[in-house]
Amino acid sequence: MTVQHKMGLPLRGEFLGRYLENLALLERLHRLLLDVIKDEFERLGIVDINPVQALLLFNIADHEVTAGELKSRGYYQGSNVSYNLKKLVELGYMHHERCAVDRRAVRVRLTEEGRIVRDRIHELFARHALSMHEDGVIEFATLDAVARALKRMERFWSDQIRYIY
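This section reports on the structure supplied with the text. Just so it is clear, the model here is predicted, and its values are computed rather than measured. Each chain carries its own residue numbering, running from 1 in the direction its sequence is written. pLDDT decides what is reported in this predicted model: residues at 70 or higher carry local features, side-chain atom pairs at 80 or more are listed and counted, and totals for whole chains, interfaces and linings draw on all residues regardless. Excluding hydrogens and water, the side-chain values take into account all heavy atoms of the structure.

1. Description of the sheet that holds strand β3 (residues 106–110)
The strands that make up a sheet pair up through hydrogen bonds in the backbone, lying either parallel or antiparallel.
Consideration 1: Within the open sheet, the 3 strands sit side by side as β1-β3-β2. Their pairing is antiparallel. This sheet does not close on itself; its edge strands, each paired only once, are β1 (65–66) and β2 (94–98).
Consideration 2: The pairing criterion for strands is at least two bridges between them, as found by DSSP. Numbered from the N terminus, helices here are DSSP runs of H or I no shorter than four residues, and strands are runs of E no shorter than two. Two elements, β1 and β3, share 2 bridges in a ladder whose sense is antiparallel. The partner of T66 across the bridge, within β3, is R107.

2. A few points about the packing of helix α1 (residues 13–44) against helix α5 (residues 112–134)
Consideration 1: Interaxial angle, 0 to 180 degrees, is taken between N-to-C directions of lines fitted to C-alpha atoms, where a helix line uses only the stretch in contact. Across the interface, α1 lies against α5 with an axial gap of 11 Å and an inter-helix angle of 115 degrees. When the axes of α1 and α5 are compared, the crossing they make is right-handed. For the pair formed by α1 and α5, the contact residues are L33, V36, I37, E40, F41 and L44 on the first element and V117, R120, I121, L124, F125, R127 and H128 on the second.
Consideration 2: Note on residue classes: Ala, Val, Leu, Ile, Met, Phe, Trp, Tyr, Cys and Pro are nonpolar, Asp, Glu, Lys and Arg are charged, and everything else, Gly too, is polar. A class-by-class count of the residues in the contact of α1 with α5 yields 9 nonpolar, 1 polar and 3 charged. Take the far helix as your reference; a near helix turned counterclockwise from it by less than a right angle gives a left-handed crossing, and one turned clockwise gives a right-handed crossing. The contact criterion used is simple: two residues touch if any of their non-hydrogen atoms lie within 4.5 Å.

3. So, the nonpolar core
Consideration 1: Counting 23 residues, the largest nonpolar core has F41, I49, L57, I60, L85 and M94 as its most contacted members.
Consideration 2: The biggest single contributor to this core is helix α2 (residues 51–60), with 5 residues.
Consideration 3: Each residue touching M94, except ones within four places of it in the same chain, is listed here: L57, I60, L85, L88, V89, V108, R109, L110 and T111. What we call a nonpolar core is a set of buried Ala, Val, Leu, Ile, Met, Phe, Trp, Tyr and Cys residues that are connected through their side-chain atoms within 4.5 Å. Categorising residues by exposure relies on relative accessible area from a 1.4 Å probe, with only protein chains included: less than 20% of the type maximum marks a residue as buried, more than 50% marks it as exposed, and the intermediate range marks it as partly exposed.

4. Comments concerning the pattern of salt bridges
Oppositely charged side chains may form a pair once their charged atoms are brought near each other.
Consideration 1: Should a side-chain nitrogen of Lys or Arg be within 4 Å of a carboxyl oxygen of Asp or Glu, the pair is scored as a salt bridge. Applying the stated criterion across every chain yields a total of 12 salt bridges.
Consideration 2: Residue R43 is joined to E40 by a salt bridge in which the shortest nitrogen-to-oxygen separation is 3.5 Å. Separated by 3 residues within a single helix, R43 and E40 lie in helix α1, roughly one turn from each other.
Consideration 3: On the basis of relative accessible area, E40 is assigned to the buried category, the value being 8%.

5. Describing α5
Consideration 1: Expected span, for any helix, means 1.5 Å times one less than how many residues it has. An ideal rise of 1.5 Å per residue puts 33 Å on 23 residues; α5 measures up with 33 Å between its terminal C-alpha atoms.
Consideration 2: What α5 keeps buried is the set G114, V117, R118, I121 and L124.
Consideration 3: Where α5 is buried, its residues touch α1, α2 and β3.
Consideration 4: Just downstream of α5, G136 is the residue with a positive phi angle, here 70 degrees.

Dropping the structure here:
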């Protein structure tokens, strides 16, 4: 299948191949990140929450948010975020209360136990960043260039969702 460029020219196979390779790499990196968190939690004896829930705690940090806000920021899928927030409240990692303005919405924030988990993940990421830097795995300039490229892709995909469909 040949994809046509805006000007009617076929998209070069090399670019499409590299794009697909990068999409697969993004998926693998996300799965590896979850495995890294899982392994760390096993070492620490944290067995009651899963890596997705731990990342949710990390991303919420010191904010007070609703499930809708997390979904609209693009962090999580609808049913997944609701389920995981409910579990985290039940396990004592999050507080929840009805929003005063919209009684249907529930606002959540981390409990002390949730902040401890968030801090463990932050420590894990800090150790990895230091190790990558000291071992020359990746340079700051490269990380910066990757971040800029991923933000452009994020903006492109967001625009596809908002304006095309």
